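Observations on chain architecture
Each chain, written out:
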Amino acid sequence: MYFKRDYRNDNTIFRGDLEAEVIQKRNIIQKERLHLRFKAWEHERISALAYSMDCSVSLATTMLLIAGIRNRDVFTQMVDSEVIRLLDPGRLKSLKMIQKYISKLNDEHISLNSLISYVAYEVVDTTKTLHEKLNLWIDDNIKNID
């Protein structure tokens, strides 16, 4: 546990411990430079986390990235949930129709997260964002169902 001070995340409070281990960056990763941009509210949340961990915002971000990389299922679920949240109701309905159609064709349930992960894999070699690519993929595949 790395919280030296209390930390609140939505409705959950993590109790701090002044005797908690101090995080030292040199023990966690090799030093590489990575440039990230955060929205103001994201930066505020990371700053609050950094304060509770008694470390820099940079180190708190590093810890979050490491946790996301090590726990791929949680990271994938968070990304997929965010993508679903960004879809307008019409596109979400279309995506669910495509999901049901593919599940029926394969005689096996295909989850929305699996479908989004499939589209995300196709994004890797393009300059489009996952949200843009998902919208295009829905448009291309909904034609096959109608």
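On a predicted model such as this, the values are computed, not experimentally measured, just so you know.

1. Quick notes on the packing of aromatic side chains
One pass over the full model with this rule turns up 4 aromatic pairs. Considering the side-chain rings of phenylalanine 3 and tyrosine 7, the 5.6 Å spacing of their centres and the 10° angle between planes classify their relative orientation as stacked. For the pair shown, phenylalanine 3 and tyrosine 7 are each scored as buried. Between tyrosine 7 and phenylalanine 14, the aromatic rings sit 6.3 Å apart at their centres with planes inclined by 25°, giving stacked as the arrangement. Ring pairs connect the aromatic residues Phe3, Tyr7 and Phe14, which therefore count as one cluster. Over the ring of tyrosine 51 we find arginine 5; its NZ or CZ atom is 4.1 Å from the centre of that ring.

2. With respect to the packing of helix 1 (residues 40-53) against helix 2 (residues 57-70)
Where helix 1 meets helix 2, the closest approach of the two axes is 8 Å, and the angle between their N-to-C directions is 100°. Classified by the interaxial angle, the pair formed by helix 1 and helix 2 is roughly perpendicular. In this structure, helix 1 contributes His43, Ile46, Ser47, Leu49, Ala50 and Met53 to the contact, and helix 2 contributes Val57, Ala60, Thr61, Met63 and Leu64. Partitioned by chemical class, the residues of the contact of helix 1 with helix 2 number 8 nonpolar, 3 polar and no charged.

What counts as what
Residues numbered from 1 in each chain as written. Predicted model: local features only at pLDDT ≥ 70, side-chain atom pairs only at ≥ 80, totals over all residues. Heavy atoms only, no water. Phe/Tyr/Trp six-rings, centres within 6.5 Å; stacked < 30°, edge-to-face > 60°. Buried < 20%, exposed > 50% of the residue type's maximum accessible area, 1.4 Å probe, protein only. Lys NZ or Arg CZ within 6 Å of the ring centre and 35° of its normal. Axes fitted to C-alpha atoms, helices over the stretch in contact; angles between N-to-C directions. Helix = DSSP H or I, 4+ residues; strand = E, 2+ residues; numbered from the N terminus. Parallel < 35°, antiparallel > 145°, perpendicular 65-115°, else oblique. Contact = heavy atoms within 4.5 Å. Nonpolar A, V, L, I, M, F, W, Y, C, P; charged D, E, K, R; others polar.

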